[in-house]
Amino acid sequence: MTDQAPPAGETNVASGEALVRMAGVNKHFGDLHVLRDIDLEVAKGEVVVVLGPSGSGKSTLCRTINRLETYESGTITIDGQPLPEEGAELAKLRADVGMVFQSFNLFAHKTILQNVTLGPIKARKIGKAEAEQRAMDLLKRVGVQEQAEKYPAQLSGGQQQRVAIARSLAMRPKVMLFDEPTSALDPEMINEVLDVMAGLAKDGMTMIVVTHEMGFARRAADRVVFMADGQILEQQAPEEFFANPRSDRAKDFLSKILTH
């Protein structure tokens, strides 16, 4: 029998305030049931870090929130609006939901500045001068403004990921999704990206972060969501989760992670 998720207690979001709401979401890859009756609410300004072993469904959960992955049943709403299936409405919603991936997904043939201005100009219909000013402000915020005229291949992985974050922020999203944003980086580059993310959290950005970085979870999360076998087994404040995990799967996961 699998662990049942205990009540989340004070970490639950009052139903009227959820910016992201998943209710009864199920997803299969063939015979594999990767998301099992997922219920998750994230309030405006909240930082939720999703932890769990490989194959637990963390990335799939993240990717269903802006329909990069489809799902079979349940509902997902962003700021009270149901997730559209396709077309212009889905494109509009994706503009409100920023996403940062493991791979940086920058356009290799465009400069850093062009990468960051493309979305606002094309999708938000913002003028070039305003888009460039906003882009330079954001590149400065993530610490790579000197790289604006370079191409992605001329930057380190950590710099490219910070550009990817600036590119998402340029769309002025309501929520930011991070799917293992540091897993492709060399160790010395990880902290420069996590520091940018921690700064966003401090500034009140709503964030859902799938990561293996326990230090980030401890310092930046309002709530830790622990997944295994496609289920949310528990969700607690970080200090409570790390000190007193409730499920056997979480205890086992932490014992393996924190002893290395």
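Source: prediction; values computed, not measured.

**Focus: the sheet that holds strand 1 (residues 18-29)**
- Taking strand neighbours across the sheet as the criterion, the four strands line up as 2-1-4-5 in an open arrangement whose pairing is antiparallel. Across the chains shown, the open sheet's two edge strands, defined by having one partner strand only, are strand 2 (32-43) and strand 5 (81-82).
- By the bridge criterion, five bridges tie strand 1 to strand 4 (residues 73-78) in an arrangement that is antiparallel. Across the sheet, residue Met 22 finds its bridge partner in strand 4, namely Ile 76.

**Some remarks on helix 6 (residues 187-202)**
- The end-to-end C-alpha separation of helix 6 is 23 Å, in line with the 22 Å expected for 16 residues at 1.5 Å each.
- Buried residues of helix 6: Met 189, Ile 190, Val 193, Leu 194, Val 196, Met 197, Ala 198, Leu 200 and Ala 201, and no others.
- Where the residues of helix 6 are buried, they touch strand 3 (47-51), helix 4 (128-141), helix 5 (157-169), strand 7 (175-179), strand 8 (206-210) and helix 7 (214-220).
- Positive phi shows up at Gly 204, right after helix 6, with a value of about 95°.

**As for the packing of helix 5 against helix 6**
- Across the interface, helix 5 lies against helix 6 with an axial gap of 8 Å and an inter-helix angle of 20°. Accordingly, the angle class assigned to the pair helix 5 and helix 6 is roughly parallel. Viewed along their axes, helix 5 and helix 6 form a crossing whose handedness is right-handed. Mapping the contact onto sequence places Gly 157, Gly 158, Gln 159, Gln 161, Arg 162, Ile 165 and Leu 169 in helix 5 and Met 189, Glu 192, Val 193, Val 196, Met 197 and Leu 200 in helix 6.
- In terms of residue class, the contact of helix 5 with helix 6 is made up of seven nonpolar, four polar and two charged.

**Some remarks on the layout of surface pockets**
- Looking at the largest pocket, its volume works out to about 490 Å³.
- Contributing to the lining of the largest pocket are 18 residues, with Arg 94, Met 99, Arg 167, Ser 168 and Met 171 lying nearest its centre.
- Only helix 2 (87-96), strand 6 (97-100), helix 3 (112-122) and helix 5 provide two or more residues apiece to the lining of the largest pocket.
- Within the lining of the largest pocket, the residues separate by chemical class into ten nonpolar, six polar and two charged.

**A closer look at the nonpolar core**
- Residues Leu 51, Ile 165, Met 176, Phe 178, Met 197, Met 207 and Phe 216 are the most contacted members of the largest nonpolar core, which totals 51 residues.
- Ranked by residue count, the leading element in this core is helix 6, at nine residues.
- The residues touching Leu 51, leaving out its near neighbours within four places in the chain, are Lys 58, Thr 211, Met 214, Val 224, Val 225, Phe 226, Met 227, Phe 241, Phe 242 and Phe 253.

So, how was this worked out
Residues numbered from 1 in each chain as written. Predicted model: local features only at pLDDT ≥ 70, side-chain atom pairs only at ≥ 80, totals over all residues. Heavy atoms only, no water. Pairing = 2+ DSSP bridges. Helix = DSSP H or I, 4+ residues; strand = E, 2+ residues; numbered from the N terminus. Expected span 1.5 Å × (residues − 1). Buried < 20%, exposed > 50% of the residue type's maximum accessible area, 1.4 Å probe, protein only. Contact = heavy atoms within 4.5 Å. Axes fitted to C-alpha atoms, helices over the stretch in contact; angles between N-to-C directions. Parallel < 35°, antiparallel > 145°, perpendicular 65-115°, else oblique. Left-handed = near helix turned anticlockwise from the far one by under 90°. Nonpolar A, V, L, I, M, F, W, Y, C, P; charged D, E, K, R; others polar. 1 Å grid on protein atoms, 1.4 Å probe; cavity = no way out; pocket = protein on both sides within 12 Å on 5 of 7 lines; lining within 4 Å. Points joined across faces, edges and corners; volume = space filled by probe spheres on them. Core = buried A, V, L, I, M, F, W, Y, C linked by side-chain atoms within 4.5 Å.

Remember, this is a structural readout, not a statement about activity or role.
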